[in-house]
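# Examining the three-dimensional arrangement
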Amino acid sequence: MSQLSSELPAFPMAKAKGCPLDPPPEYARLRADRPVAKARLWDGKEVWLITGYDEIRSIFTDPRISVDNTQPGYPWLSEQARTVVLTGGVKPVGRMDPPEHTAMRRMLGQGFLVKKIQNMRGDVEALVNGLIDDILAGPRPADLVTALGMPVPSTALGWVLGVPPADKRLISLVPRLFDEDSGLEGAMEARAELFAYIDELITHRESEPGDDIISHLVGYYQKGELSRNSVLTQAVTLIAAALDTTRSMITNGILALLQHPEQAAALIEDPDLVPAAVEELLRYTVVTEFSSKRVAAEDIEIAGETIKAGDGIICLISAGNRDEKVFTDPDTLDVRRDARQHLGFGAGIHTCIGKQLARMELEVVYGTLFRRIPGLRLAVPFDQLVFRNTFDVQGVRELPVTW
Amino acid sequence: MAIARVHLDASKCVTSGQCVLTAPEVFDQREEDGVGMVLTDTPAPELLDRVREAAAGCPAAAIRLLHQPSARVAGG
Ligand code: HEM
Ligand code: SF4
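The structure contained in this document is the topic of the report that follows. Being a predicted model, the structure only gives us computed values, none of them experimental.

## Considerations on the overall build of chain B
Scanning chain B for helices and strands turns up two helices and four strands. The order of α-helices and β-strands along chain B, N terminus first, is β-α-β-β-α-β. Counting only residues that meet the buried cut, chain B has 42% of its 76 residues in that class. Of the contacts formed within chain B by residues at least 6 apart in sequence, a portion of 59% connects residues at least 24 apart. Element-wise, carbon and sulfur atoms account for 54% of the exposed surface of chain B, whose accessible area totals about 4200 Å².

So, in structure tokens, the structure goes:
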């Protein structure tokens, strides 16, 4: 079987009317007929789309697959993305292949120790409870993107990065970095400010090290194992990879629960369900639809197709997470199912480095919000919600709620 | 009876912490870089299911459960 290049479908694909967070309906057709299929990108280049769960896992764990975005076949989704991402020239951890990648994960490993993240839980609970106090004391409707989605991940990331608690600059930079309103110019300006800000933190940690990621990276730099520029790049990458994703996941998850009140009620009734609900929401509402781009370093036979060395690949997590071979009744949200094998944090060596931290934040938010405000509901009709999809992360722009 | 031995290839580990979450009685992480380590390489039989789960769940495929016959197997 081979596809005629003249009839290749265009990628990205259109979403159905209804919920803009649902994967495009074409993914299900592809998964059934051709889980490894070619499509055409905006620049005329061909790309392999992977839509089957098993096939995605197999690409994620295949050592012949690279994440190197300087390869000519690497699939870019826009000229703007290519320009912004390739500026600077130092590779972030997510674009390194082994052995460079393995070494970099180790330099970052101390900041994400399971024990360390577990010890932060009490602080995250206090943070979330304080923010919910503010919501309850404030006007209705409240926008949960600004009230929870932004402050929770940026405060928690500030703790692991070693941002002084009184310093609110990180929080104020997030909306300008990620929102469409700021435009390319505004985003580049915010990006430059972010680099300058992190540079300042690095200088501070050179003389006053603490037990935080920037200090650990500075330690490797001082030992001559890492360039100062790489310290800067890795720190900025963590911010870029952590904030928009977690913010969107917090609010998409809340939205999905508001749309399925019986599921939210189950969480209030049985708080032990919360960890399973987090996994199910990560399966069901994928925020990083286009995150997992690859390029083949060698020829690969998969699902009856041959991916040639140099070919670009996109693993469609939202398609894999709805694969009926793995998840019964995949289009139904069910917080009681065991969804732990979902691909929401990727799989294989590039699996999300911040997933323990993100999971904990999500558990605390979903577990606390619906318990403390049981009458929570959308303050506008669903079809008036505005969605955004910038920098490969999709989510709701504002989530107005009342109670 | 066969003895199961747990082996963790530290050179492959990507410091995900998955093994520690799955079987904290058997795995821990090195403080200095988060690399997984085996606390007891011959865990109690009741832990073996979770060790298998940890091996299957390791994103770097760094964990193996090796079976070593403790005595000659009957019938060769
Ligand atoms: C709910 C929130 C999050 C989601 C859904 C998410 C999702 C993902 C996914 C799907 C990948 C794999 C990308 C690929 O296959 O190429 C990934 C990688 C990554 N994530 Fe996350 N992430 C989240 C939160 C975070 C946080 C909080 C941090 C940091 C504190 C973080 C840092 C990273 C980094 C550095 C990588 C690259 C890892 C590597 O290539 O080795 N993420 N994330
Ligand atoms: S699960 Fe694998 S990659 Fe993760 S810490 Fe354990 S050994 Fe390392």
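Here the narrative resumes, following the displayed structure.
## A few points about the packing of aromatic side chains
Residue and element names in this part refer to chain A. Tallied over the full model, the rule gives four aromatic pairs over all chains. We note Arg283 situated over the ring of Phe327; from NZ or CZ to the ring centre the distance is 5.2 Å. Stacked on the ring of Tyr284, the Lys or Arg Arg322 has its end atom at 4.3 Å from the ring centre.

## Quick word on empty space enclosed by the protein
Per the stated rule, a full pass over the model turns up two cavities of 30 Å³ or more. Empty space within the largest cavity amounts to approximately 110 Å³. Lining the largest cavity are 16 residues, and of these Cys13, Ser16, Gly17, Cys19 and Cys58 of chain B sit closest to its centre. Split into classes, the residues belonging to the lining of the largest cavity amount to nine nonpolar, seven polar and no charged. Within this model, the second largest cavity holds a volume of roughly 30 Å³. Lining the second largest cavity are Leu113 and Lys115 of chain A together with Val20, Asp28, Gln29 and Glu31 of chain B. Residues that form the lining of the second largest cavity fall into these classes: two nonpolar, one polar and three charged.

## Some details on the sheet that holds strand 3 (residues 65–66) of chain A
Note on sheets: strands pair through backbone hydrogen bonds, and any given pair is parallel or antiparallel. All names here are of chain A. An order of 1-2-8-5-3 is seen for the five strands of this open sheet, with the pairing classed as mixed. Strands with a single pairing partner mark the edges of an open sheet, and in this sheet they are strand 1 (36–40) and strand 3. Of the pairings in the sheet, the one linking strand 2 (residues 46–50) to strand 8 (residues 312–315) comprises three bridges and is parallel in character. When the bridges of strand 8 are listed, Ile50 appears paired with Cys315. Lying on the sheet, helix 2 (residues 53–60) is in contact with strand 1, strand 2, strand 3, strand 5 (292–296) and strand 8; it crosses strand 8 at an angle near 125 degrees.

## A closer look at the sheet that holds strand 12 (residues 400–402) of chain A
All names here are of chain A. Strand order in this open sheet of three strands is 4-12-9, and the pairing throughout is antiparallel. Each edge of the open sheet is held by one strand with a lone partner, namely strand 4 (142–143) and strand 9 (377–378). In the sheet, strand 4 pairs with strand 12 via two bridges, with the strands oriented antiparallel. Bridging across to strand 12, Asp143 finds its partner in Pro400.

## Topic: the coordination of the iron atom of ligand 1
From the protein, the iron atom of ligand 1 takes a single donor atom, Cys352 of chain A (SG), 2.3 Å away. Structurally, Cys352 of chain A can be placed in the loop between helix 15 (317–320) and helix 16 (355–372).

## Looking at unusual backbone geometry
All names here are of chain A. Of the consecutive residues Phe11 and Pro12, the connecting peptide bond is found in the cis state with omega at 0 degrees. Within the secondary structure, Pro12 sits in the segment before helix 1 (26–33). The step from Pro98 to Pro99 runs through a cis peptide bond, and the omega angle for that step is 5 degrees. Its place among the elements puts Pro99 in the loop between helix 3 (79–86) and helix 4 (100–109).

## Quick look at the site of ligand 2
As a structural note, the neighbourhood of ligand 2 is formed by Leu8, Cys13, Val14, Thr15, Ser16, Gly17, Gln18, Cys19, Cys58, Pro59 and Ile63 of chain B. Of the pockets mapped on this structure, ligand 2 occupies the largest cavity.

## Some words on the site of ligand 1
Residue and element names in this part refer to chain A. In the vicinity of ligand 1 there are 28 residues, among which His101, Arg105, Ser292, His350 and Cys352 approach most closely. Within the backbone of Ala241, an N or O atom sits 3.5 Å from a nitrogen atom of ligand 1. Of all elements in the fold, only helix 4, helix 12 (228–259) and strand 5 reach the threshold of two or more residues within the shell around ligand 1. Ranked by residue count, the leading element in the shell around ligand 1 is helix 12, at six residues. Residue classes in the shell around ligand 1 are distributed as 15 nonpolar, eleven polar and two charged.

## Some details on the nonpolar core
Core analysis: the largest hydrophobic core is formed by 91 residues, its most contacted members being Leu144, Leu148, Ile198, Ile254, Leu376 and Leu399 of chain A. The element best represented in this core is helix 12 of chain A, accounting for 15 residues. Setting aside chain neighbours within four positions, we find Ile254 of chain A in contact with Leu144, Leu148, Val365, Tyr366, Leu369, Phe370, Leu376 and Leu399 of chain A. Formed by 20 residues, the second largest nonpolar core is a distinct cluster that contains Val114 of chain A together with Val26, Ala62 and Ile63 of chain B.

## Topic: the side chain of Thr246 of chain A
Residues and elements named next belong to chain A. Structurally, Thr246 is set in helix 12. With a relative accessible area of 7%, Thr246 lands in the buried category. Ignoring anything within four residues of it in the chain, the contact list for Thr246 reads Pro153, Ala358 and Glu361.

The rules behind the values
- Residues numbered from 1 in each chain as written.
- Chains lettered and ligands numbered in written order.
- Predicted model: local features only at pLDDT ≥ 70, side-chain atom pairs only at ≥ 80, totals over all residues.
- Heavy atoms only, no water.
- Helix = DSSP H or I, 4+ residues; strand = E, 2+ residues; numbered from the N terminus.
- Buried < 20%, exposed > 50% of the residue type's maximum accessible area, 1.4 Å probe, protein only.
- Contact = heavy atoms within 4.5 Å.
- Areas by Shrake-Rupley, 256 points an atom, 1.4 Å probe, with all protein chains shown as cover.
- Phe/Tyr/Trp six-rings, centres within 6.5 Å; stacked < 30°, edge-to-face > 60°.
- Lys NZ or Arg CZ within 6 Å of the ring centre and 35° of its normal.
- 1 Å grid on protein atoms, 1.4 Å probe; cavity = no way out; pocket = protein on both sides within 12 Å on 5 of 7 lines; lining within 4 Å.
- Points joined across faces, edges and corners; volume = space filled by probe spheres on them.
- Nonpolar A, V, L, I, M, F, W, Y, C, P; charged D, E, K, R; others polar.
- Pairing = 2+ DSSP bridges.
- Axes fitted to C-alpha atoms, helices over the stretch in contact; angles between N-to-C directions.
- Donors = N, O, S within 2.8 Å, 3.2 Å for Na, K, Ca; no water.
- Near = heavy atom within 4 Å.
- Sits in = over half its atoms within 2 Å of the grid points.
- Polar contact = N/O pair within 3.5 Å; in protein donor to acceptor, adjacent residues only side chain to side chain.
- Core = buried A, V, L, I, M, F, W, Y, C linked by side-chain atoms within 4.5 Å.

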